[in-house]
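The chain contents come next:
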Amino acid sequence: MLIKNKIYFIAVFAALVLAFYQTLRIDAPNYDLKQTRHVSIVNNSIEYPYKYRLLNPYITQIWITALSTVLPEKPSFIAAYFLQNIIVFSFMLLMLLKFFRLWFDDTGAVICMLLFAAIVPLTLTGYDVLGDMTTAGIMALGFYFINSDKEKYLFPLMFIAAFNELQLILLIPFYFFGKSSNFRNKKVWINSIFLTMIFVAAYGLIYLIRGGSAGSSEVNWYFTKDAAFNLAHKSWIPLWIILIAPLLYFVFKDFRSKPEFLKRSATIVLPLFYFAAFFFIARLREIDKALTIFTILIPLAMCTVFSKLIKTEV
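## A few points about the overall build of the protein
No. 1: Broken down by element type, the protein carries 13 helices and zero strands.
No. 2: Helices (α) and strands (β) of the protein occur, in sequence order from the N terminus, as α-α-α-α-α-α-α-α-α-α-α-α-α.
No. 3: In the protein, the proportion of contacts linking residues at least 24 apart, taken out of those at least 6 apart, comes to 77%.
No. 4: Here the protein displays about 15000 Å² of accessible surface, and carbon together with sulfur accounts for 68% of that area.

Next comes the structure, spelled out in structure tokens:
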């Protein structure tokens, strides 16, 4: 128990550092833009898809309301977001630690988590940072449920996930493709269908509450504007090279001996739903939206780099 508490301390301490960096370098210098953005989400005056990303803005609004009773407007806003930064980064790193401990002993899991934390500052891009970090944390928690035979917890998780970002529906293909035997498993097929229904129902509920639509203009925007932006602005190329290329050799070295879920995620889900689709539906320089890539690649690489830290029984 004492060792577990110590590694949790490392995760929370790293989260505190990231939260302060986010507050100091992004939130405070861009207060006017952040405040306008926040108010437009809470007041439901912002466009799709941002009007459906409710989880963090509404939780943060609780802190703003409480702090504004003792602080002026700007300090209460910044303090509230600092508190929410701590909560979100702590959640993300603790869930990553939980997932990595499936494959590694405590030392290996902490190394994987700190490697993940080390790349986060390069991925911080502005407005939707907390939503993207929450997505990474929910993905890691979902992966933990998938690999620890706790699929029943995916159902409430998917409902909550819908209130954060649409991307989280990708938990379903990670679940479905995680084992080769799933194709012949009736339970997996049924679970996947019900998980989809739950997510769609939650997203439909948000639509009924918030209004708006994801119509043809949004589809056109996704598949033309972002793709054109990525072609015109190639600053994402060195960023992706720096973050991903050093891992790839170790990812594919002794690949067959590595955990099935990690291998299949890296060779099926990531290429189809991240590397290929990301070009058309996101700006590639906003790599915070693709942090799940590193949730898979880092443990695959560390299986080679720190093979002695792999658990003998998983």
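Text resumes after the structure shown.
## Things to note about the layout of surface pockets
No. 1: Its boundaries defined by the atoms lining it, the second largest pocket holds a volume of some 290 Å³.
No. 2: Taken together, 19 residues make up the lining of the second largest pocket; nearest its centre are I146, N147, D149, E151 and K179.
No. 3: Every element with two or more residues in the lining of the second largest pocket is listed here: α6 (129–147), α9 (186–210) and α12 (260–281).
No. 4: Broken down by element, the lining of the second largest pocket gets its largest block of residues, three residues, from α9.
No. 5: The residue makeup of the lining of the second largest pocket, split by class, is eight nonpolar, six polar and five charged.

## Let's talk about α6
No. 1: If you check α6, its first and last C-alpha atoms are 27 Å apart, about what 19 residues at 1.5 Å a residue would give, namely 27 Å.
No. 2: The element α6 is extensively covered by neighbouring structure, given that 18 of its 19 residues are classed as buried.
No. 3: Phi turns positive one or two residues past the end of α6, at D149, with a value near 55 degrees.

## Section: the packing of helix α4 (residues 73–100) against helix α5 (residues 106–123)
No. 1: Across the interface, α4 lies against α5 with an axial gap of 8 Å and an inter-helix angle of 145 degrees. Seen along the crossing, α4 lies across α5 with a hand that is right-handed. Residues F89, M92, L93, L96, L97 and F100 of α4 form the contact with α5, whose own contacting residues are A109, V110, C112, M113, F116, A117 and V120.
No. 2: Of the residues belonging to the contact of α4 with α5, the class tally is 13 nonpolar, no polar and no charged.

## Comments concerning the environment of V305
No. 1: Mapped onto the secondary structure, V305 falls in helix α13 (residues 292–305).
No. 2: Look at V305 and you get partly exposed, because its relative accessible area is 36%.
No. 3: Sequence separation between V305 and K253 is 52 residues; the distance between their C-alpha atoms is 9.7 Å.

## Details of the pattern of salt bridges
Two side chains of opposite charge can pair, provided their charged atoms sit close to one another.
No. 1: Scanning the model with the defined rule gives three salt bridges in all.
No. 2: For the salt bridge of K34 with D27, the shortest nitrogen-to-oxygen distance reads 3.2 Å. The pair formed by K34 and D27 is uniform in burial state, with each residue classed as buried.
No. 3: For D106, the salt bridge is made with R101, and the minimal N-O distance between the two is 3.0 Å.
No. 4: The partly exposed category is assigned to D106, whose relative accessible area is 24%.

## Some details on the side chain of S265
No. 1: Following the sequence through the fold, S265 ends up in helix α12.
No. 2: Classification of S265 by relative accessible area gives buried; the value is 1%.
No. 3: Once residues within four sequence positions are removed from consideration, S265 is found in contact with F174, L270, P271 and I296.

## Digging into the nonpolar core
No. 1: Ranked by internal contacts, the top residues of the largest apolar core, which has 96 residues, are F89, L93 and F294.
No. 2: Per-element tally for this core: the top contributor is α4, with 13 residues.
No. 3: If we skip the residues at most four places from it in the chain, F294 touches F116, I119, L243, I244, L247, I287 and P299.

## Considerations on the packing of aromatic side chains
No. 1: Tallying each qualifying case throughout the model produces 22 aromatic pairs.
No. 2: With 4.9 Å between their ring centres and 40 degrees between their planes, F77 and Y81 make a pair best called tilted. Pair noted here: F77 and Y81 are both in helix α4, with a separation of four residues, about one helical turn. Residue F77 shares its accessibility class with Y81, and that shared class is buried.
No. 3: For the ring pair F199 and Y203, a centre distance of 6.1 Å and an interplane angle of 15 degrees mean the geometry is stacked. Of the two residues, F199 and Y203 both sit in helix α9, four residues apart, roughly one turn of that helix. Each of the two residues, F199 as well as Y203, counts as buried.
No. 4: One aromatic cluster is present, formed by F99, F100, W103, F143, F174 and F261 through successive ring pairs.
No. 5: A cation sits over an aromatic face here: R37 above Y50, 4.3 Å from the ring centre.
No. 6: K98 extends its terminal NZ or CZ atom over the ring of Y144, reaching a point 4.7 Å from the ring centre.

Conventions adopted
Residues numbered from 1 in each chain as written. Predicted model: local features only at pLDDT ≥ 70, side-chain atom pairs only at ≥ 80, totals over all residues. Heavy atoms only, no water. Helix = DSSP H or I, 4+ residues; strand = E, 2+ residues; numbered from the N terminus. Contact = heavy atoms within 4.5 Å. Areas by Shrake-Rupley, 256 points an atom, 1.4 Å probe, with all protein chains shown as cover. 1 Å grid on protein atoms, 1.4 Å probe; cavity = no way out; pocket = protein on both sides within 12 Å on 5 of 7 lines; lining within 4 Å. Points joined across faces, edges and corners; volume = space filled by probe spheres on them. Nonpolar A, V, L, I, M, F, W, Y, C, P; charged D, E, K, R; others polar. Expected span 1.5 Å × (residues − 1). Buried < 20%, exposed > 50% of the residue type's maximum accessible area, 1.4 Å probe, protein only. Axes fitted to C-alpha atoms, helices over the stretch in contact; angles between N-to-C directions. Left-handed = near helix turned anticlockwise from the far one by under 90°. Salt bridge = Lys/Arg side-chain N within 4 Å of Asp/Glu carboxyl O. Core = buried A, V, L, I, M, F, W, Y, C linked by side-chain atoms within 4.5 Å. Phe/Tyr/Trp six-rings, centres within 6.5 Å; stacked < 30°, edge-to-face > 60°. Lys NZ or Arg CZ within 6 Å of the ring centre and 35° of its normal.

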